[in-house]
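Here's the letter readout for the chains.
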Amino acid sequence: MPNGIAKAQTAETEPAVPSAGLPLIGNDRDVRSKKPPALSFLLRMDTARLLVRVVTLLALDYIGISLAIFTALVIKAAVQGPRVDVHAALVDTQNVVAFAYLVTVLLFARSHLYAPRALRPGFTRVISSLFQVTVVALIFALVNHQKFQSYYIFYASLFFAAAYISALRWIHERASGALLRVAGQARRAVLVGMGQHIDEVAHALGDGAQSPVEVVGCISLTPRTGNGLRSLGTLKDLPRVLDEQRVQEVIIAAPDFPQTQAVELVDECHRRGVRVRIAPTTMELLIQRAEFVPGQSVPLFELRPPVFEGVDFALKRTFDIVVASLLLIVLAPLMLAIALAIRVTSRGPALFRSVRPGIGGANFNCLKFRTMHTDAEQRQADLELHNEASGALFKIRDDPRLTRIGRLLRRFSLDELPQLFNVLRNQMSLVGPRPLPLRDFEQLEDWHKKRYLVLPGVTGLWQVSGRAELNFDELVRLDFLYLERWSVFLDLTILLKTLPAVISRRGAF
């Protein structure tokens with residue numbers, strides 16, 4: 001960006017020259033230039049918030065690591081003998097927690113897990129960093145010639161650390177987010193782009209009262225239908241808008257944003273210390289997986305199909321079998337109680353076999369606890385006019401076909417539990433694109449069907465990203481994002497986030 005660099009270098013020595021697209025207005029000092037030490041010291045509120053954030057996260061991570069090691073030692077003692085020496089477990093925890101915590105902090109810092117909220121990665125990075133901590137600790141122990149009867153303490157501590165630290169950080173995110181919203185500290189953002197895309201991104205960001213982003217308005221390059229967002233003018237007005245509206249973030253929402261204007265927009269924002277983000281299109285999600293093909297006269301990138309094969313398939317399938325088996329054992333009493341409640345409160349079987357397309361579009365019987373009366377399918381056509389969902393989906397908030405117990409099961413997604421048997425039968429995966437009923441599948445567009453290249457999932461990004469609050473195209477893009485970014489850590493993260501999403505019942509009906 002040579003034009004932007006030149007402007008930054010001459011900002012203090014020459015008058016600012018307005019560019020063709022974005023004229024400079026107001027203060028022409030580039031905030032990227034170094035501040036005097038005295039001025040930096042005076043920014044004590046930002047420094048105080050930084051210290052509170054880092055100290056709080058460090059304390060939570062220490063608690064999580066200590067509890068993880070202590071829990072692993074207590075369980076080991078309980079298995080080995082009838083008497084559990086809690087004091088001995090505490091002493092052993094104190095002996096090793098300092099090293100484990102030091103490595104954790106270093107690797108977490110390397111992964112930017114102490115960064116501000118807007119820049120801090122999600123739980124996937126937490127789990128992958130903890131895995132690296134475990135590997136480092138194991139190598140250190142072996143190099144120091146420590147002998148172990150088993151390596152239980154390493155993988156048990158990893159499991160409990162992932163659970164404890166993820167839970168503690170999730171609570172911190174919710175609590176600090178609520179405090180920031182009460183204090184009016186939501187990030188002030190402006191959407192810049194094309195009309196329709198602005199509306200879609202604004203809808204996806206949700207209500208400012210619940211979102212960490214407060215959209216103060218939009219600047220559209222094309223006419224828009226309007227969804228309540230305040231128009232702040234044209235692209236030439238951006239410098240004035242950034243200054244007057246105290247904007248902290250500009251979100252570009254346009255697949256065909258003019259390149260020259262985009263370069264100038266980014267430079268103008270960075271001059272004022274405003275963060276720039278891009279709401280990706282489907283093509284941009286695909287490009288992240290593209291592989292360069294050398295030896296061509298024109299640079300070419302190849303998009304390989306997002307299928308799970310080889311080591312990836314073995315990892316995912318092993319993960320599915322182990323976790324699904326454990327969940328079935330733990331949830332067996334609850335599932336039996338649900339089956340009995342269904343049989344007692346309504347006529348018909350406890351299980352419902354819903355024929356749904358799976359991998360490659362091949363049909364399979366998706367198992368669910370029955371939540372509707374037995375004539376539900378015959379009444380489907382009469383209810384089509386009352387559909388509240390977009391695209392191919394069919395959803396009614398107060399569906400008259402639901403039984404009394406079925407409404408409760410749907411609210412907390414308990415009707416999906418029998419699909420754990422589908423996982424063991426290799427018809428589904430624990431995490432993946434949700435299988436749609438035949439009625440919905442027949443209404444899909446061709447580009448939607450890429451989601452059927454892999455096994456459907458019991459849960460997925462749909463369930464932890466707003467569920468029924470998102471329109472259908474947004475849900476399909478989440479499926480694409482999952483396919484491009486898959487890892488065992490991502491599967492584990494989605495599973496960990498599914499329970500809070502179900503309990504909060506956000507977007508569920």
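Up top is the structure these notes are about.
Parameters at a glance
- Along each chain, residue indices are assigned from 1 in the same order as the chain's sequence is written.
- Thresholds applied to this predicted model are a pLDDT of at least 70 for local features of residues and 80 or more for the giving and counting of side-chain atom pairs; totals over whole chains, interfaces and linings are not thresholded and use all residues.
- Each side-chain value is derived from all of the structure's non-hydrogen atoms; neither hydrogens nor water enter the calculation.
- Two distance rules govern patches: like charges are joined within 9 Å, and nonpolar side chains (Val, Leu, Ile, Met, Phe, Trp, Tyr) within 5 Å, applied only to residues with over 30% relative accessible area and no salt bridge.
- Computed by Shrake-Rupley with a 1.4 Å probe, the accessible areas treat only the displayed protein chains as cover when residues are assessed.
- Think of a salt bridge as a Lys or Arg side-chain nitrogen and an Asp or Glu carboxyl oxygen that are within 4 Å of each other.
- Only protein chains enter the accessibility calculation, which uses a 1.4 Å probe. A residue is then buried if its area is under 20% of the maximum for its type, exposed if over 50%, and partly exposed in between.
- When DSSP finds at least two bridges between two strands, those strands are taken to pair.
- Numbering of helices and strands runs from the N terminus, with a helix taken as a DSSP run of H or I at least four residues long and a strand as a DSSP run of E at least two residues long.
- Every axis corresponds to a line fitted to the C-alpha atoms, with the helix fit spanning only the stretch in contact, and the corresponding angles, defined between N-to-C directions, vary from 0 to 180 degrees.
- The criterion used for residue contact is that any of the two residues' heavy atoms lie within 4.5 Å.
- Positive charge is attributed to Lys and Arg, negative charge to Asp and Glu, and no charge count is given to His or to the chain ends.
- Contacts described as polar in this section are N or O atom pairs within 3.5 Å, which, within protein, must combine one atom able to donate a hydrogen with one able to accept it, while residues neighboring in sequence count only if both atoms come from side chains.
- A helix is expected to span 1.5 Å multiplied by its residue count minus one.
- To get the bend at a residue, fit one axis to the 7 residues ending there and another to the 7 starting there, then take the angle between the axes.
- Only Phe, Tyr and Trp rings are paired, with Trp represented by its six-membered ring, and only when their centres lie within 6.5 Å; those with planes under 30 degrees apart are stacked, over 60 edge-to-face, the remainder tilted.

Visitor: Outline a nonpolar patch on the surface, listing residues and values.
Guide: On the surface, Phe131, Val135, Ile139 and Val143 cluster together into a nonpolar patch covering about 350 Å² of accessible area. Judged by relative accessible area, Val135 falls into the partly exposed class, the value being 35%.

Visitor: So what about the sheet that holds strand S1 (residues 187-193)? Which residues, and what values?
Guide: In space, the four strands of this open sheet follow the order S2-S1-S3-S4, with parallel pairing throughout. Because the sheet does not close on itself, it has two edges, and the strands there are strand S2 (213-220) and strand S4 (275-278). Taken over all neighbouring pairs, the strand axes of this sheet differ in orientation by 25° on average, direction set aside. Pairing geometry for S1 and S2, over seven bridges, is parallel. Note that in S2 the partner of Arg188 across the bridge is Glu214. Running at roughly 145° to S4, helix H9 (residues 259-271) makes contact with S1, strand S3 (249-253) and S4 of the sheet.

Visitor: Could you give me a rundown of unusual backbone geometry, with the residues and numbers involved?
Guide: Positive phi, close to 60°, is recorded for His145, a residue that is not glycine. Tracing the sequence through the fold places His145 in the loop between helix H5 (123-143) and helix H6 (152-182). We classify His145 as exposed; its relative accessible area is 68%.

Visitor: Got a sec to walk through the side chain of Arg356? Specific residues and values, please.
Guide: Tracing the backbone shows Arg356 in strand S7 (residues 351-357). It turns out Arg356 is buried and unbridged, and the closest side chain with the opposite charge, Glu416, is 5.8 Å from it. A distance of 2.9 Å separates polar atoms of two side chains, one belonging to Arg356 and the other to Ser354. If sequence neighbours within four positions are ignored, Arg356 has contacts with Ala362, Asn363, Phe364, Cys366, Lys368, Arg434, Pro435, Leu436 and Pro437.

Visitor: Any details on the environment of Ala89? Residues and values, ideally.
Guide: Relative to the helices and strands, Ala89 resides in helix H4 (residues 86-110). Using a relative accessible area of 6% as the deciding quantity, one classes Ala89 as buried.

Visitor: Can you break down the pairing of S3 residue by residue, with the values?
Guide: Buried residues dominate S3, accounting for five of its five residues. Of the two faces of S3, both are covered, the one formed by Glu249, Ile251 and Ala253 as well as the one formed by Val250 and Ile252. The pairing of S1 with S3 spans five bridges and is parallel. The partner of Val192 across the bridge, within S3, is Ile252. Where S3 meets S4, four bridges bridge the pair, whose relative direction is parallel.

Visitor: So what about H4? Which residues, and what values?
Guide: Relative to the 36 Å expected for 25 residues at 1.5 Å per residue, H4 spans 34 Å between its end C-alpha atoms, a close match to the ideal helical length. Within H4, the axis deviates most sharply at Val96, by approximately 40°. Looking at H4, one finds that the buried residues are Ala89, Thr93, Val97, Ala100, Tyr101, Val103, Thr104, Val105, Leu107 and Phe108. Measuring from the side-chain oxygen of the N-cap residue of H4 to the backbone nitrogen of His87 gives 3.2 Å; that N-cap residue is Asp85. Positive phi appears at His112, one or two residues downstream of H4, with a value of about 65°.

Visitor: Go over the pattern of salt bridges, please, and point to the residues and values.
Guide: Under the counting rule described, the total for this entry stands at eleven salt bridges. A salt bridge links Arg120 to Glu173, with the nearest nitrogen and oxygen atoms 2.4 Å apart. Taken together, the residues span a long stretch of sequence, with Arg120 in the loop between H4 and H5 and Glu173 in helix H6 at a distance of 53 residues. By relative accessible area, Arg120 is classed as buried at 11%. A relative accessible area of 26% means that Glu173 is categorised as partly exposed.

Visitor: So what's going on with the packing of aromatic side chains? Which residues, and what values?
Guide: Going through the model one piece at a time under the given rule, you end up with eight aromatic pairs. Considering the side-chain rings of Phe99 and Phe140, the 4.4 Å spacing of their centres and the 25° angle between planes classify their relative orientation as stacked. Highlighted residues: Phe99 in helix H4 and Phe140 in helix H5, separated in sequence by 41 residues. Here the aromatic rings of Phe160 and Tyr164 are separated by 6.2 Å at their centres, their planes lie at 25°, and the arrangement is stacked. Taken together, the residues Phe160 and Tyr164, both in helix H6 and four residues apart, mark about one turn of the helix. Judged by relative accessible area, which is 16%, Phe160 ranks as buried.

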